[in-house]
Amino acid sequence: MDKSSTLLVHYDKGTPAVANEIKEALEGNDVEAKIDAMKKAVMLLLNGETIPQLFITIIRYVLPSEDHTIQKLLLLYLELIEKTDSKGKVLPEMILICQNLRNNLQHSNEYIRGVTLRFLCRLKETEIVEPLTPSVLQNLEHRHPFVRRNAILAIMSIYKLPQGDQLFVDAPEMIEKVLSTEQDPSAKRNAFLMLFTCAEERAVIYLLSNVDKVSDWNESLQMVVLELIRSVCKTKPTEKGKYIKIIISLLSATSSAVIYECAGTLVSLSSAPTAIRAAANTYCQLLLSQSDNNVKLILLDRLYELKTLHRDIMVELIIDVLRALSSPNLDIRRKTLDIALDLITHHNINEVVQMLKKEVVKTQSGELEKNGEYRQMLIQAIHACAVKFPEVASTVVHLLMDFLGDSNVASALDVVVFVREIIETNPKLRVSIITRLLDTFYQIRAGKVCPCALWIIGEYCLSLSEVESGISTIKQCLGDLPFYSVSEESEPTETSKKIQPTSSAMVSSRKPVILADGTYATQSAASETTFSSPTVVQGSLTSGNLRALLLTGDFFLGAVVACTLTKLVLRLEEVQSSKTEVNKTVTQALLIMVSMLQLGQSPVSPHPIDNDSYERIVLCIKLLCHRNDEMKKIWLEYCRQSFVKMISEKQLREMEELKAKTQTTHAQPDDLIDFFHLKSRKGMSQLELEDQVQDDLKRATGEFTKDENDANKLNRILQLTGFSDPVYAEAYVTVHHYDIALEVTVINRTKETLQNLCLELATMGDLKLVERPQNYSLAPERSMQIKANIKVSSTETGVIFGNIVYETSNVMERNVVVLNDIHIDIMDYISPAVCSEVAFRTMWAEFEWENKVAVNTTIQNEREFLDHIIKSTNMKCLTAPSAIEGECGFLAANLYAKSVFGEDALVNVSIEKQTDGALSGYIRIRSKTQGIALSLGDKITLKQKGSS
């Protein structure tokens, strides 16, 4: 059923060309009209029309034409039309074109000869080709290389036909002679390709006899040489030593394509350190020399694969990989950093950090638009380095602290989180970090960064001078108190009338009046007094960032300020001997807290203070008024212990993820053991010796043993028809990244031959069929496999449905067997992934599609329900286990997954246990696209009931 592949071009059939009009144009003498008519005929054929009535007209009026364009269109027409009948025999009228093809092969114009030879490459009918073989052979000696190269390809195509070796009995010998004398690079490449395809041994002999000349050959010929080497080494792995020498010699070729293929071939054939090192060096050189970003990304993919399989060798090249950071493309930089971070060791950490520091300094120039994003990536990379190797933290932490006031909030947030972790894991740096943080705190302008910085100040200011400096810095950044004031004016101005509502009344010395806003005033006949509403006091020039953020209504920050001041005051009481100073500081802290509460309840604030922040500030006030040892222990010790526990759990999770990535392989007990040291080493190069050692190591560790999960295969088989149907069908579904492969097994359960059996499929959702259905014949009680490919364009849930149609010899009507639907599950396209808490919150705020699913389940345990959702959705729980431990009746957790199309799926589970034991709450799904949000919501709704 194999057919030649053609390009389907869209043709508007709304106004189809009438066959008679095309026929008239072809019969005329106007060349342009003939060309236009032939194009219309070809378009109709491409769109499924047969138009058999045009064949004789084309033979009579188009065949004799000398115009090159018409001849080319004629060959396209002849390629498209059906040349055989339903029984596979060549149609009688096809003999009419043989004479014309023979004349074209003997034409004086080399273009006519060349395109005709190219057309012969697409013919599969031996009866048409057989009379033309002498003319094809004559073209091997034509003076023009265009004709010779196409003649070689035509011979190769004819030789590969079912009876082609009888038409050209000595074709390999002829082509071998042509190869030895041919000077044209393209013709020489085609000749070598013919030997490689049809007589591989001859191609190998020719290659080994010209080993010294391979590096001087043309690029296209070198590519075929590499293809030959891969093919030979696959069938004869013991002989790959002599071919690897050829590959290494080609690594110095001038063509980038050849060098790239050489490196890939080297990796696929050998695992010797010398070969892997040469391939990795080649990829790194291409990474620097190539300007195309797509090429760079492909090269980084190859380096990532090498890093996974041969990390020890890639460690040596980490600096070469990092040079790719010179590219302005963020995707390239991100991929480069991902590779480099997995290659860091104690030996190269200092060089890597030094290089990353230089890149961070470069981002301050502000020349590129995405410098902020790049700086954030670098900060995260340096953070990862410092966590793995704490000794380098001292060299980078002070540089990064300069970016606490960065305009890119995400970058500044990464810096402050990095500082928070380093100050805990590196006690020696505590004093210098606190000093630097207090000096640069006024530069922080982001409301998300200040709370973390304040927490660091409250936890790690331990000495008297540090505590006093911390309190002084906070007071300076808050500015003068109060945050607002009520001003009184003798006469209201026009401006105040426009800006602020005023309450006025005639004043009398004796009669009090209650105004509209609840304030009191006295009436007097002598004067009139105006009371304006409260106005914001902007503070002095020294007022800093905290005041500006509080005046915008950020009362969560106010609660953090109150907690920080409380911790500092409690610690001051421990380190300060003077009670007077302590009491004075307590009074100042209480004044600040009360002022923040007043600001939150005043009309000056953009919105009133929230209950959580209000309660937190009130708690701090109560604590400072009634201090005791137990509360001191909770605030000054337990908070730090919780943070230490969080850091240790994070490191434990990272170690578990690293262990999960490492694949454990086992050797079978009956595997062959090769004693390498007892083997003869005669004639073996150093590369072959290394390769042999690596093969033995792979066998010992079981890397060659790849057992397929048979149970998993059985789970993928879907029954499409019933057992009582005349045709039984079942499908094995394989989901790849961007397509679905269906292997449908069809069994004829009748005693008759089924004719024109066709598997007709249709799809719903973002699924598209790739091929058109074909007709088959199926003998009685026989089976066959039909393959179908379906393209997937998104993670939206799709359905494949269809039927099997067939005919029998007894009944002329077509019989139909309806198939069961195949539901494509979203779980096949998403996989658990990990992202930082900051990245999760950022995506949660940005993504516009949300699907809210109410909890409706029979499960009564919160943790059990969460585990069930994680298992059902194939997602990763980002919330730390310690955060969801215990039985409190509430549970909130974040889940994350990534699709094969790069889409992010975010899920927040918030549940509460009711008094009757049932669970209630909501599961919120957010994504950038609608499809994944809806599909995941449907999946959760279906699966949340229970463990079924």
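First, a word on what this report is: a plain description of the structure on this page. (Residues numbered from 1 in each chain as written. Predicted model: local features only at pLDDT ≥ 70, side-chain atom pairs only at ≥ 80, totals over all residues. Heavy atoms only, no water.)

Looking only at helices and strands, one finds 39 helices and 22 strands in the protein chain. In the protein chain, buried positions account for 45% of the 948 residues. For the protein chain, the proportion of contacts with a sequence separation of at least 24, taken over those separated by at least 6, is 66%. For the protein chain, the accessible surface area stands at approximately 49,900 Å², while carbon and sulfur atoms represent 51% of it. (Helix = DSSP H or I, 4+ residues; strand = E, 2+ residues; numbered from the N terminus. Buried < 20%, exposed > 50% of the residue type's maximum accessible area, 1.4 Å probe, protein only. Contact = heavy atoms within 4.5 Å. Areas by Shrake-Rupley, 256 points an atom, 1.4 Å probe, with all protein chains shown as cover.)

With that settled, the discussion passes to the sheet that holds strand S8 (residues 727-735). With antiparallel pairing, 5 strands are arranged side by side in an open sheet as S7-S8-S9-S13-S11. The open sheet has two edge strands, strand S7 (717-719) and strand S11 (767-769), and neither has a second partner. Sheet twist, expressed as the average angle between the axes of neighbouring strands with direction ignored, equals 30°. With 3 bridges connecting them, S11 and strand S13 (residues 783-792) associate as antiparallel partners. Its bridge partner being in S13, Leu769 is matched across the sheet by Ile790. (Pairing = 2+ DSSP bridges. Axes fitted to C-alpha atoms, helices over the stretch in contact; angles between N-to-C directions.)

Moving on, we get to the pattern of salt bridges. Summed over all chains, the structure comprises 28 salt bridges. Asp301 is the salt-bridge partner of Lys335, the closest N and O atoms lying 2.8 Å from each other. Taken together, the residues Lys335 in helix H21 (residues 330-341) and Asp301 in helix H18 (residues 293-309) connect sequence positions 34 residues apart. Of the residues examined, Lys335 reaches a relative accessible area of 29% and is grouped as partly exposed. With a relative accessible area of 30%, Asp301 lands in the partly exposed category. Residue Asp320 is joined to Arg323 by a salt bridge in which the shortest nitrogen-to-oxygen separation is 2.3 Å. Taking the relative accessible area as the measure of exposure, Arg323 reaches 37% and is therefore partly exposed. A cluster of three or more residues bridged by salt bridges with shared partners is formed by Glu173, Glu176 and Arg202. (Salt bridge = Lys/Arg side-chain N within 4 Å of Asp/Glu carboxyl O.)

This brings us to the packing of aromatic side chains. Counted by the stated rule, this structure contains 8 aromatic pairs. Residues Phe723 and Tyr728 carry aromatic rings whose centres are separated by 5.5 Å and whose planes lie at 10° to one another, so their mutual orientation is stacked. Overall, Phe723 belongs to the exposed group, its relative accessible area being 57%. For Tyr728, a relative accessible area of 11% corresponds to the buried category. The structure contains a cluster of three or more aromatic residues connected by ring pairs, namely Phe192, Tyr206 and Trp217. Note that Arg333 overlies the ring of Tyr374, its terminal NZ or CZ placed 3.7 Å from the centroid. Residue placement shows Lys852 over the ring face of Tyr922; its charged tip is 4.2 Å from the ring centre. (Phe/Tyr/Trp six-rings, centres within 6.5 Å; stacked < 30°, edge-to-face > 60°. Lys NZ or Arg CZ within 6 Å of the ring centre and 35° of its normal.)

Even without a glycine there, the phi angle at Asn756 is positive, about 50°. Within the element layout of this structure, Asn756 appears in strand S10 (residues 754-764). Residue Asn874 is not a glycine yet carries a positive backbone phi of 60°. If you trace the backbone, Asn874 turns up in the loop between helix H38 (862-873) and strand S19 (876-877). With a relative accessible area of 29%, Asn874 lands in the partly exposed category.

Taking 1.5 Å per residue, 17 residues should reach 24 Å; H18 reaches 25 Å between its end C-alpha atoms and fits that length. Among the residues of H18, those classed as buried are Lys296, Leu299, Leu300, Leu303, Leu306 and Lys307. Seen along its axis, H18 keeps its buried residues to an arc of 115°; they face one direction. Exposed positions of H18 whose direction lies more than 90 degrees from the buried face are Asn294, Thr308 and Leu309. Buried positions along H18 lie against helix H16 (256-269), helix H17 (273-289), helix H19 (311-314), helix H20 (318-322) and H21. Measuring from the backbone nitrogen of Asn294 back to the side-chain oxygen at the start of H18 gives 2.9 Å, which picks out Asp292 as the cap. (Expected span 1.5 Å × (residues − 1). Arc of directions from axis to C-beta. Polar contact = N/O pair within 3.5 Å; in protein donor to acceptor, adjacent residues only side chain to side chain.)

On the surface, a cluster of negative charge is contributed by Glu574, Asp629, Glu630 and Glu637. Top element by residues in the negative patch is helix H34 (residues 629-661). It accounts for 3 residues. Since its relative accessible area comes to 48%, Glu630 is described here as partly exposed. (Patch = residues over 30% accessible without salt bridge, like charges linked within 9 Å, V, L, I, M, F, W, Y side chains within 5 Å. Lys, Arg positive; Asp, Glu negative; His and termini not counted. Charge placed at Lys NZ, Arg CZ, Asp CG, Glu CD.)

In contact at an axis separation of 8 Å, helix H12 (residues 185-198) and helix H14 (residues 219-235) are set at 15° when each is read in the N-to-C sense. One element, H12, and the other, H14, form an angle in the roughly parallel class. Considering only the axes of H12 and H14, their crossing is left-handed. Seen from H12, the contacting residues are Pro185, Lys188, Arg189, Phe192, Leu193 and Phe196; seen from H14, they are Ser220, Leu221, Val224, Val225, Glu227, Leu228 and Ser231. (Parallel < 35°, antiparallel > 145°, perpendicular 65-115°, else oblique. Left-handed = near helix turned anticlockwise from the far one by under 90°.)

With that out of the way, let us pick up the side chain of Ser927. Structurally, Ser927 can be placed in strand S22 (residues 919-927). When its relative accessible area of 1% is taken as the criterion, Ser927 is described as buried. In this structure the side chain of Ser927 is engaged in a polar contact, spanning 2.5 Å, whose partner is the backbone oxygen of Thr929. Contact partners of Ser927, with chain neighbours within four places excluded, come to Phe847, Glu848, Trp849, Asp904, Ile932 and Ala933.

Moving on, we get to the nonpolar core. Grouped together as the largest cluster of nonpolar side chains are 213 residues, with contacts concentrated most on Tyr77, Leu120, Phe192, Leu207, Leu546 and Met593. Here this core takes 12 residues from helix H31 (residues 555-575), the largest share from any one element. When neighbours within four sequence positions are excluded, Met593 is seen to be in contact with Ala562, Leu565, Thr566, Ile617, Cys620, Ile621 and Leu624. Counting residues in each nonpolar core, the second largest holds 30 residues, with Val746, Leu754, Ile790 and Tyr829 among its members. (Core = buried A, V, L, I, M, F, W, Y, C linked by side-chain atoms within 4.5 Å.)

Once that is clear, we can look at the environment of Gly600. Mapping Gly600 onto the fold places it in helix H32 (residues 579-600). Gly600 gets classed as buried once you look at its relative accessible area, which sits at 1%. Each residue touching Gly600, except ones within four places of it in the same chain, is listed here: Phe555, His607, Pro608 and Ile609.

That is the geometry; function is a separate question.
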